[in-house]
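Residues per chain are reported as follows:
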Number of protein chains: 2
Amino acid sequence: MVTIAEVARQAGVSPSTVSYVLSRKRSISEDTRRRVEAAIDALGYHPHAGARALASNRSNILALMVPLRSDMYVPVIMEIAMAVTTEAREFDQDVLLLTKDEGTGGVRRIAGSGLADAMILMDVELDDDRIPVLRETSTPAVLIGLPADTAGLTCVDLDFDATGAACVDHLADLGHREIALIGESEGVYRRHTGFAARTMTGFQRRASERGLRAVHRMCEGTYESTAGVLARILEERPGTTGFIVQNEAAITPLLSLLRLSGRAVPEDTSVVAICPDQVALQSSPRLTSVSIPAEEMGRHAVRQAMSQLEGGHHPSVTLIPPLLTVRESSAAVPAS
Amino acid sequence: MVTIAEVARQAGVSPSTVSYVLSRKRSISEDTRRRVEAAIDALGYHPHAGARALASNRSNILALMVPLRSDMYVPVIMEIAMAVTTEAREFDQDVLLLTKDEGTGGVRRIAGSGLADAMILMDVELDDDRIPVLRETSTPAVLIGLPADTAGLTCVDLDFDATGAACVDHLADLGHREIALIGESEGVYRRHTGFAARTMTGFQRRASERGLRAVHRMCEGTYESTAGVLARILEERPGTTGFIVQNEAAITPLLSLLRLSGRAVPEDTSVVAICPDQVALQSSPRLTSVSIPAEEMGRHAVRQAMSQLEGGHHPSVTLIPPLLTVRESSAAVPAS
DNA sequence: GTGAAAGCGCTAACAA
DNA sequence: TTGTTAGCGCTTTCAC
């Protein structure tokens with residue numbers, strides 16, 4: 001191991017000078033800086049992470065807690081994780097991967113050991129038991145997703161309420177009068193993040209504002225359940241011409257089923273999805289959709305964490321406005 | 001922060017005794033152990049990670065380098081990452097997430113800073129530039145995937161050669177005489193891991209051993225390219241009744257195309273996939289497949305890393321034998 | 001603009 | 001079975 005002392009000797013300066021060259025916490029003469037830097041790359045010096053953490057009380061590590069398995073679409077989780085990791089490097093931070101199944105114990109362990117400077121939590125539940133633990137510790141934290149009570153917390157999420165409304169607007173603008181929201185599975189509504197409920201709220205409010213007939217149905221996402229949900233909707237409301245799908249797993253079944261029932265998309269029936277762009281693009285027809293801004297959420301979470309580390313705690317809730325992209329699955333309602 | 005000194009005071013022992021209770025590196029009287037443990041949870045003590053790393057020269061961190069974007073199916077990467085993280089906790093290790101785009105610099109940084117005790121690298125290329133760097137450092141490392149030269153390295157991967165052969169055997173046993181392997185995209189063969197080439201080798205060797213007519217075609221995985229590949233195969237070898245698909249992206253297009261061309265699966269044509277079980281199960285019909293043992297590879301990589309840390313360096317190449325599961329997409333060739 | 005030196009909290013000899 | 005103590009490599013006062 002190359003130590004700071006060796007670099008100092010090689011450069012003919014004291015260890016503290018090397019430290020200051022690295023931290024830029026005091027001014028160094030041009031000449032000294034050059035010699036130190038030369039010594040650093042000549043020796044291939046990297047500061048010892050543990051020693052630095054001990055002395056400075058900063059580990060330069062961000063802990064990211066991800067769901068082991070969740071209702072979230074796996075590629076979205078991955079995209080967030082990669083965005084967090086990439087953005088963290090911009091701040092000279094590394095990322096420690098924790099699984100949500102470590103639960104509150106994991107949060108205590110990280111906070112207590114000084115292993116990480118801050119935490120980013122994914123898959124936040126409405127009444128998440130990690131939150132009280134977070135409140136006890138003074139470790140900066142950012143939640144991706146909204147709990148029921150956000151007081152004192154820093155959170156980022158897609159604005160699902162506005163997302164529901166935006167989908168309704170799009171269909172209403174196209175002339176649709178009867179629409180349906182195919183939502184997540186029952187379990188998601190019961191346990192989870194509330195994003196599903198928020199979508200539904202926005203959907204219903206905007207539908208009523210624009211005078212549309214709207215139904216909302218939960219859906220497990222299997223072929224069979226999607227078939228059942230679709231059948232019930234069309235039975236109750238045979239005039240339904242617009243569908244909004246929140247459950248990615250239900251997208252492919254829904255498209256097949258509509259085709260089978262002789263409804264052409266988008267000629268007879270329009271479909272709007274709430275899903276990652278990737279999914280919207282690989283469907284056939286390509287879907288009009290509100291995308292899940294995974295990368296943006298990840299980057300934002302890191303920036304929030306860093307600003308807490310540097311500037312202190314300023315709780316904030318950031319709701320990213322939905323971006324609806326019109327593709328091939330939605331069109332004006334046929335003049336009947 | 002609770003320190004070991006506070007715990008020691010509370011328990012009426014010396015700091016080193018607390019340390020030894022934690023590390024179990026020497027025997028402690030039952031009574032002392034109890035008092036120390038009581039003090040530990042009373043105070044909520046967690047050893048400071050940096051201090052421990054500095055003093056013991058062990059960070060208790062495993063670095064995992066994952067591809068930012070790759071030809072690998074994203075859920076497989078995720079499953080490996082989760083398996084690594086979960087298994088690492090069994091050894092009291094945490095996982096640091098690095099992206100492959102940090103390249104050799106990332107490897108040097110981790111090795112040089114003592115941030116991690118060992119590294120696990122995914123998405124290993126045939127002539128991976130991280131390998132020489134790994135050889136310079138003494139940091140234990142495990143590769144998931146096989147480079148061209150494995151001398152002195154520890155690697156884990158699915159035995160793709162045997163996989164190709166197993167798929168051929170399955171189709172041959174069912175009476176198929178003309179078969180085709182729809183492989184990965186050209187880029188994968190050129191740049192990459194060699195897993196595609198190894199599959200092909202096993203496929204061709206076994207086909208020749210069993211006297212089958214066999215063709216292999218690369219495929220980009222889009223609908224259009226799959227259509228082109230299929231058309232060419234059927235033109236050259238109209239008698240082809242068995243397909244092996246290695247490119248997950250090509251699976252859905254292939255099934256649709258076969259249906260469109262009036263070939264029923266499995267009545268007229270059999271399809272065997274090399275893909276995660278999840279993909280095989282959600283296709284319709286469910287696919288006979290060799291699964292990608294993501295979890296097993298992740299767990300194995302961690303165990304190898306730990307055994308290097310504890311017992312020294314014993315290079316080894318572990319090829320996981322393929323497991324072919326018969327589902328609904330393969331059947332005996334029709335008596336013509 | 002630079003250096004000397006006192007810790008940071010822990011581990012692991014060495015001593016008893 | 002337990003305690004004392006010397007570092008681990010770095011940051012950061014304090015001093016010049």
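Rules behind the numbers
- Residues numbered from 1 in each chain as written.
- Chains lettered and ligands numbered in written order.
- Predicted model: local features only at pLDDT ≥ 70, side-chain atom pairs only at ≥ 80, totals over all residues.
- Heavy atoms only, no water.
- Contact = heavy atoms within 4.5 Å.
- Buried area = accessible area lost by both parts, 1.4 Å probe.
- Salt bridge = Lys/Arg side-chain N within 4 Å of Asp/Glu carboxyl O.
- Polar contact = N/O pair within 3.5 Å; in protein donor to acceptor, adjacent residues only side chain to side chain.
- Helix = DSSP H or I, 4+ residues; strand = E, 2+ residues; numbered from the N terminus.
- Nonpolar A, V, L, I, M, F, W, Y, C, P; charged D, E, K, R; others polar.
- Pairing = 2+ DSSP bridges.
- Near = heavy atom within 4 Å.
- Domains from an automatic or database assignment.
- UniProt positions renumbered as here; feature names shortened; annotations may be inferred.
- Axes fitted to C-alpha atoms, helices over the stretch in contact; angles between N-to-C directions.
- Parallel < 35°, antiparallel > 145°, perpendicular 65-115°, else oblique.
- Left-handed = near helix turned anticlockwise from the far one by under 90°.

- The name given to chain A in an unreviewed UniProt entry is LacI family DNA-binding transcriptional regulator, and the organism recorded there is Catenulispora subtropica.

## Looking at the interface of chain A and chain B
Then, in step 1: Across the contact, 35 residues belong to chain A and 34 residues belong to chain B.
Then, in step 2: A combined buried area of about 3,100 Å² lies between chain A and chain B, and 70% of that area is made up of carbon and sulfur atoms.
Then, in step 3: Summed over the three residues of chain A that lose the most area to chain B, namely A:Met78, A:Met82 and A:Leu97, the buried surface amounts to 19% of that side.
Then, in step 4: Across the chain A-chain B interface, the total number found is four salt bridges.
Then, in step 5: A:Arg89 is the partner of B:Glu102 in a salt bridge, and the nearest nitrogen-oxygen pair spans 3.4 Å.
Then, in step 6: Inspection of the region where chain A meets chain B yields eight residue pairs in polar contact (both at pLDDT 80 or more).
Then, in step 7: Of the residues forming the side of chain A that touches chain B, the biggest block, nine residues, is contributed by helix H5 (residues 74–90) of chain A.
Then, in step 8: Looking at side-chain class alone, the side of chain A that touches chain B contains 21 nonpolar, nine polar and five charged residues.
Then, in step 9: Of the pairings in the sheet, the one linking strand S2 (residues 94–99) of chain A to strand S2 (residues 94–99) of chain B comprises three bridges and is antiparallel in character. Following the sheet pairing, A:Leu97 is matched in S2(B) by B:Val95.

## Considerations on the protein's contact with DNA strand D
Then, in step 1: The full set close to DNA strand D counts 26 residues, and A:Ile4, A:Tyr20, A:Tyr45, B:Ser27 and B:Thr32 are the nearest of them.
Then, in step 2: When atoms of DNA strand D within 4 Å of the protein are split into backbone and base, the sugar-phosphate part holds 54%.
Then, in step 3: One nitrogen or oxygen atom from the main chain of A:Ile4 is found 2.4 Å from a phosphate oxygen belonging to DNA strand D.
Then, in step 4: Within the backbone of B:Ser14, one N or O atom sits 2.9 Å away from a phosphate oxygen of DNA strand D.
Then, in step 5: When contributions to the surface near DNA strand D are tallied by element, the ones reaching two or more residues are helix H2 (15–23) and helix H4 (49–56) of chain A together with helix H2 (15–23) and helix H4 (49–56) of chain B.
Then, in step 6: Ranked by residue count, the leading element in the surface near DNA strand D is H4(A), at four residues.
Then, in step 7: Tallied by class, the residues present in the surface near DNA strand D amount to 10 nonpolar, 12 polar and four charged.

## Here's the deal with the domain arrangement of chain A
Then, in step 1: If you check the domain split of chain A, you get domain 1 (4–56), domain 2 (61–158 + 294–320) and domain 3 (160–292).
Then, in step 2: In this structure, domain 1 of chain A and domain 2 of chain A have C-alpha centres spaced 33 Å apart.

## Brief notes about the UniProt feature "domain: HTH lacI-type" (unreviewed entry) in chain A
Then, in step 1: Summarizing the sequence annotation, UniProt attributes the feature "domain: HTH lacI-type" (unreviewed entry) to residues 2–56 of chain A in the numbering used throughout.
Then, in step 2: Regarding residues 2–56 of chain A, the helix share stands at 71% and the strand share at 0%, and the terminal C-alpha atoms are separated by 19 Å.

## A word on the pattern of salt bridges
Residue and element names in this part refer to chain B.
Then, in step 1: Inspection of the entire model under this criterion finds 50 salt bridges over all chains.
Then, in step 2: Across the pair Arg299 and Glu87 runs a salt bridge, and its minimum N-O distance is 3.1 Å. Taken together, the residues Arg299 in helix H14 (residues 294–311) and Glu87 in helix H5 (residues 74–90) connect sequence positions 212 residues apart.
Then, in step 3: Across the pair Arg327 and Asp277 runs a salt bridge, and its minimum N-O distance is 3.4 Å.

## Focus on the sheet that holds strand S12 (residues 324–325) of chain B
All names here are of chain B.
Then, in step 1: Strand order in the open sheet formed by six strands is S7-S6-S8-S9-S10-S12, and the pairing between neighbours is mixed. The open sheet is flanked by strand S7 (213–217) and S12, the only strands paired with a single partner.
Then, in step 2: Relative to S7, strand S6 (residues 178–182) runs parallel, the two sharing five bridges. Bridged to Ile179 within S7 is Ala214.
Then, in step 3: Taken strand by strand, helix H8 (residues 160–173) contacts S6, strand S8 (242–245), strand S9 (270–274), strand S10 (288–290) and S12, and its axis lies near 165° from that of S9.
Then, in step 4: Sitting on the sheet, helix H12 (residues 248–260) touches S6, S8 and S9, and the angle it makes with S8 is about 160°.

## Observations concerning the UniProt feature "domain: HTH cro/C1-type" (unreviewed entry) in chain A
Then, in step 1: With numbering matched to this structure, UniProt assigns "domain: HTH cro/C1-type" (unreviewed entry) to residues 3–46 of chain A.
Then, in step 2: Summarising residues 3–46 of chain A: 70% helix, 0% strand, and an end-to-end C-alpha distance of 8 Å.

## Topic: the packing of H4(A) against H4(B)
Then, in step 1: Two elements in contact, H4(A) and H4(B), have axes separated by 7 Å at closest approach and are oriented at 135°. Our classification of the angle between H4(A) and H4(B) gives oblique. For the element pair H4(A) and H4(B), the recorded crossing hand is left-handed. Every residue of H4(B) that contacts H4(A) at A:Gly50, A:Ala51, A:Ala53 and A:Leu54 is listed here: B:Gly50, B:Ala51, B:Ala53 and B:Leu54.

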